[in-house]
Amino acid sequence: MRLVISHSPPCETEKSNTMTTQQQEGEKQYDPGDTTLKFVNRQDDLDPLDDDTETLKAEMSCGHAVTPESLTGWCRSLLDQSQFKFLCPALEDGTFVKCGAEWSYQEVRRLAVLTTEEMEHFEKTMAALAAATYCEYKSCPVCETFVEREDLTNLSVLCTVCTADKGQRYEFCWQCLKQWKGPAPRSDRCDNNGCINQDLDLLKNCETTSLPQVAGVTDCPSIRACPTCGQRVEHDKTGCKNILCPRCNKEFCFVCLKLTEECLETSSYFTACSAGVAPRQTSIPTWNRN
């Protein structure tokens, strides 16, 4: 699967807006004469402590106000967390519910006033993350050719290059990267000594943690597998009990492992789950992308 993110230059309007954007003291500033943006005189929704009434804020497509600096910072933090979709983190008025609207890269590029260097970083990172999300691939341990694993329930993977070179079928283990031993298909391990699932081992043996801002949550396993895709995640112990998976972008409760919508039917973001703390996971969910 080949994923391509366009590196075409901005349109003439975007060029003009970028060129007329003023930068003072190293910080990005909107051009007050830019009539293509909707400016608003209110708090920066990405910065709850914002009390600056002089810096221009622009309105995103979802209706929330941003500055170029806050928008750049938030989107960079998402990329650092391996998330290539830009979702609005602002809370809806009077609630603890996140907006969650997805901003296109074109909108982010324009309203964050990305520099050429920033655009290059964003686009390269987004392409790599998208490829890692939608394809399961590793280097063959013999020929180092990239091999895609199409069946996520089978650890035995065929390398067509080695098969052709050797004149006989060559399969390796996705988990230990040794030549496959034993019957296949198989989802837990091959018959090579030391073939273990390190992610599963961590889930079973990780230390426990508490969530200080969530009432009544102690002795929770510190590492979880996303219930949707199996991605290994940790909670930073700040804020509410819910976490956004960097791989599949599903939000779930770190405590009870239910999707957020289901968890909130009987509890709230900062209170213990009605079902209690889910036990340590003994298997890793397989992501059904369909």
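Residues numbered from 1 in each chain as written. Predicted model: local features only at pLDDT ≥ 70, side-chain atom pairs only at ≥ 80, totals over all residues. Heavy atoms only, no water.

You'll find the protein chain entered in an unreviewed UniProt entry as RING-type domain-containing protein, with Oncorhynchus tshawytscha given as the organism.

*Asks:* Requested: an account of the overall build of the protein chain, with residues and values cited.
*Replies:* Along the protein chain, the regular secondary structure elements total seven helices and 17 strands. The buried share among the 290 residues of the protein chain stands at 39%. Restricting to contacts in the protein chain with at least 6 residues of sequence separation, those with at least 24 account for 47%. As displayed, the protein chain offers around 16400 Å² of accessible surface, 48% of which is attributable to carbon and sulfur atoms. (Helix = DSSP H or I, 4+ residues; strand = E, 2+ residues; numbered from the N terminus. Buried < 20%, exposed > 50% of the residue type's maximum accessible area, 1.4 Å probe, protein only. Contact = heavy atoms within 4.5 Å. Areas by Shrake-Rupley, 256 points an atom, 1.4 Å probe, with all protein chains shown as cover.)

*Asks:* Please set out the sheet that holds strand β3 (residues 39–40) residue by residue, giving values where relevant.
*Replies:* The strand order β3-β4-β5 describes an open sheet built from three strands, whose pairing is antiparallel. Each having just a single partner strand, β3 and β5 (65–66) make up the two edges of the open sheet. Relative to β5, strand β4 (residues 57–59) runs antiparallel, the two being bridged by two bridges. Within β5, the position partnered with Ala58 by the bridge is Val66. (Pairing = 2+ DSSP bridges.)

*Asks:* Can you tell me about helix α2 (residues 68–80), naming the residues and giving the values?
*Replies:* If you check α2, its first and last C-alpha atoms are 18 Å apart, about what 13 residues at 1.5 Å a residue would give, namely 18 Å. Buried within α2 we find Pro68, Ser70, Leu71, Thr72, Cys75, Leu78 and Leu79. Just downstream of α2 lies Ser82, where phi reads positive at about 65 degrees. (Expected span 1.5 Å × (residues − 1).)

*Asks:* Tell me about the confidence of the model for the protein chain, and name the residues and values.
*Replies:* Detail in the predicted coordinates should be disregarded across regions flagged by low pLDDT. Per-residue pLDDT for the protein chain has a mean of 85; in total, 89% of the residues score no lower than 70. Per-element averaging of pLDDT across the protein chain places helix α1 (residues 12–20) at the bottom with 39 and strand β11 (residues 171–173) at the top with 96. Segment residues 1–25 is flagged for pLDDT under 50; beyond a separation of four residues in sequence, or across chains, it makes 31 contacts in the model. (pLDDT = per-residue confidence, 0-100.)

*Asks:* Give a description of the side chain of Thr209 that names residues and reports values.
*Replies:* Within the secondary structure, Thr209 sits in strand β12 (residues 208–209). Classification of Thr209 as buried rests on a relative accessible area of 14%. In this view, Thr209 contacts Thr218, Asp219, Cys220, Pro221, Ser222 and Lys237; residues no more than four positions away in its chain are not counted.

*Asks:* Provide a residue-level description of the packing of aromatic side chains, including the pertinent values.
*Replies:* Enumeration according to the criterion identifies three aromatic pairs in this entry. Summarising the aromatic geometry, the rings of Tyr30 and Phe39 are spaced 5.9 Å apart at their centres and angled 55 degrees between planes, so their arrangement reads as tilted. For Tyr30, a relative accessible area of 4% puts it in the buried group. Here the aromatic rings of Phe172 and Trp174 are separated by 6.4 Å at their centres, their planes lie at 20 degrees, and the arrangement is stacked. The burial state of Phe172 is the same as that of Trp174; both residues are buried. It is Lys166 that lies over the ring of Tyr170; its NZ or CZ is 5.5 Å from the centre. The residue whose ring lies beneath Arg224 is Phe254, and the NZ or CZ to ring-centre distance is 6.0 Å. (Phe/Tyr/Trp six-rings, centres within 6.5 Å; stacked < 30°, edge-to-face > 60°. Lys NZ or Arg CZ within 6 Å of the ring centre and 35° of its normal.)

*Asks:* So what's going on with unusual backbone geometry? Residues and values would help.
*Replies:* Geometrically, the link from Ala184 to Pro185 is a cis peptide bond, its omega value of 5 degrees lying close to zero. On the secondary structure map, Pro185 appears in the loop between β11 and α6 (198–205). Even without a glycine there, the phi angle at Lys237 is positive, about 65 degrees. With respect to the helices and strands, the residue Lys237 is situated in the loop between β15 (232–234) and β16 (242–244).

*Asks:* Mind laying out the layout of surface pockets, listing which residues take part and the relevant values?
*Replies:* Roughly 1500 Å³ of volume is contained in the largest pocket. Taken together, 46 residues line the largest pocket, and the ones lying closest to its centre are Trp74, Lys98, Asn242, Ile243 and Leu244. Only α2, α4 (116–134), β15, β16 and α7 (260–263) provide two or more residues apiece to the lining of the largest pocket. Counted by class, the lining of the largest pocket contains 22 nonpolar, 13 polar and eleven charged residues. In this structure, the second largest pocket is lined by 31 residues; those nearest its centre are Arg149, Gln175, Asn197, Asp199 and Ile284. Secondary-structure elements contributing two or more residues to the lining of the second largest pocket are β8 (137–139) and α6. Partitioned by chemical class, the residues of the lining of the second largest pocket number twelve nonpolar, ten polar and nine charged. (1 Å grid on protein atoms, 1.4 Å probe; cavity = no way out; pocket = protein on both sides within 12 Å on 5 of 7 lines; lining within 4 Å. Points joined across faces, edges and corners; volume = space filled by probe spheres on them. Nonpolar A, V, L, I, M, F, W, Y, C, P; charged D, E, K, R; others polar.)

*Asks:* Which residues make up the pattern of salt bridges, and what are the values?
*Replies:* This structure, assessed with the given rule, holds ten salt bridges. Salt-bridge contacts for Glu120 lead to Lys124; the nearest nitrogen and oxygen are separated by 3.1 Å. Of this pair, Glu120 and Lys124 both sit in helix α4, four residues apart, roughly one helical turn. Judged by relative accessible area, which is 41%, Glu120 ranks as partly exposed. The class of Lys124 is exposed, set by a relative accessible area of 53%. Across the pair Asp188 and Arg186 runs a salt bridge, and its minimum N-O distance is 2.7 Å. A relative accessible area of 24% means that Arg186 is categorised as partly exposed. (Salt bridge = Lys/Arg side-chain N within 4 Å of Asp/Glu carboxyl O.)

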